[in-house]
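# Examination of the molecular architecture
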Amino acid sequence: MSNLIRKNYSELGEVKAPYVHSVKHSNTLYISGMTAFGTTAQHQGIAEQAEEIFSQIRKIASVEGTDFSALIKVTIFITSFEEINELRKVLYRNYGDYLPASSLVEVSRLFSPDLSIEIEAIFGL
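As a starting point, this report considers the structure included with it. Predicted model, so just to flag it, every value in this text is computed and none were measured.

### Remarks on unusual backbone geometry
A positive phi angle, close to 50°, is found at Ser 26, a residue other than glycine. Residue position: Ser 26 is located in the loop between strand E2 (22-25) and strand E3 (28-34). Look at Ser 26 and you get partly exposed, because its relative accessible area is 41%.

Structure, rendered in structure tokens:
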């Protein structure tokens, strides 16, 4: 498929696994599951990790010429619902008036024990 563009972003650091940060297909941008791994937020709570992740997602969207007004869908994986109220505050703050379709799934763990959240995003372009 010649209309697929697979891309990594140097601003987000080197990818050391078999995936890319994003794939663009026609008018849709798919962003891989992002975490706070390797950032100062990695060892902090879910709110700080979520803010870091949204910062990463916002950087990708900006490079691709879009913003959160074009956010279609997020899938959020968390390791515990204990901090759900803190997470909701972060979500409302980042979405603003542009609430996406969303899934929230509790998982037993992520790839590093320090991580409590991973977020995937889909944007319309």
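### Some remarks on the packing of aromatic side chains
Scanning the entire structure with this criterion turns up 4 aromatic pairs. Through pairs of rings, three or more aromatic residues link up here, namely Phe 54, Phe 68, Tyr 95 and Phe 123. The ring of Phe 68 has Arg 58 sitting right over it, with the charged end atom 4.2 Å from the ring centre.

### Describing the pairing of E3
Along E3, 5 of the 7 residues are buried, which leaves the element largely enclosed by surrounding structure. The sheet contact formed by E2 and E3 spans 4 bridges and is antiparallel. Note that in E3 the partner of Val 23 across the bridge is Tyr 30. If you look at the hairpin formed by E2 and E3, you'll find 2 residues sitting between the two strands, and Ser 26 has a positive phi there, around 50°.

Analysis parameters
Residues numbered from 1 in each chain as written. Predicted model: local features only at pLDDT ≥ 70, side-chain atom pairs only at ≥ 80, totals over all residues. Heavy atoms only, no water. Helix = DSSP H or I, 4+ residues; strand = E, 2+ residues; numbered from the N terminus. Buried < 20%, exposed > 50% of the residue type's maximum accessible area, 1.4 Å probe, protein only. Phe/Tyr/Trp six-rings, centres within 6.5 Å; stacked < 30°, edge-to-face > 60°. Lys NZ or Arg CZ within 6 Å of the ring centre and 35° of its normal. Pairing = 2+ DSSP bridges.

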